[in-house]
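For reference, the chains in residue letters:
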Amino acid sequence: LLAWQQIVSRLKDAETGARGYIITDEVTYLEPFKLADDELPRLLMEATKAEAALEDGLTADRFDAIQKRLNDFMSATQETITVAQREGGERAAELLKEGKVKHRMDGMRRVVDERLGALDNRLRGLDTDMKTNLTMGGRSLMALVTAALAATGLSAGLLLANIWFKTLWLIG
């Protein structure tokens, strides 16, 4: 989840930096764009590896589509920066008003929201599976408590009962 959130953050930073450069003509505003350009491939790989750990991770086709969207966004942003460098901020601002960069950014936000939703659903499923397993394990633990009460007396049984109730409280 964190890698996907970092991807969105880097994209926002790249877009904001490009806009800052276009408005001010200050090269320092391009640093977030350069950072995003350097980090996005790594962040996408991290997100993909994290999803691969889940049963329903990204397919190769889906990964390629996301990578293409990332590249399209960065290319459109780079194109706007290049226009600002060659033709000035006014012409670049016209490009921004056309909405090409915004459209691509919105597309990336939708992709990331989709991936975060899929991960959240999968994690909820894992949480339910874990609760089910712990509850079933709790039944076994209760049987163990009953046996401990019968075999060793009250103190061991109370200790195990305390553990059992704390476990159920944690997963409840």
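Please read all numbers here as calculations on a predicted model, not as lab measurements.

Visitor: Help me out: how do you make sense of the side chain of Glu15 in this one?
Guide: Counting through the fold element by element, Glu15 comes out in helix 1 (residues 2–24). Setting aside residues no more than four positions away along its own chain, Glu15 makes contact with Phe73, Val101, Lys102, Met105 and Arg109.

Visitor: What is the right way to look at the packing of helix 3 (residues 60–87) against helix 4 (residues 89–98) in this model?
Guide: What describes two packed helices is the angle between their axes and the distance between those same axes. Running from N to C, helix 3 and helix 4 point in directions that differ by 155°, and their axes come no closer than 7 Å. As summarised for this structure, helix 3 and helix 4 are arranged roughly antiparallel, according to the angle between their axes. Between helix 3 and helix 4 lies a crossing of right-handed hand. Between helix 3, through Thr80, Val83, Ala84 and Glu87, and helix 4, the contact on the second element is made entirely by Gly89, Arg91, Ala92, Leu95 and Leu96. Each residue belonging to the contact of helix 3 with helix 4 can be placed in one class, and the counts come to 5 nonpolar, 2 polar and 2 charged.

The rules behind each value
- Residues numbered from 1 in each chain as written.
- Predicted model: local features only at pLDDT ≥ 70, side-chain atom pairs only at ≥ 80, totals over all residues.
- Heavy atoms only, no water.
- Helix = DSSP H or I, 4+ residues; strand = E, 2+ residues; numbered from the N terminus.
- Contact = heavy atoms within 4.5 Å.
- Axes fitted to C-alpha atoms, helices over the stretch in contact; angles between N-to-C directions.
- Parallel < 35°, antiparallel > 145°, perpendicular 65-115°, else oblique.
- Left-handed = near helix turned anticlockwise from the far one by under 90°.
- Nonpolar A, V, L, I, M, F, W, Y, C, P; charged D, E, K, R; others polar.

Nothing here speaks to function; it is geometry throughout.
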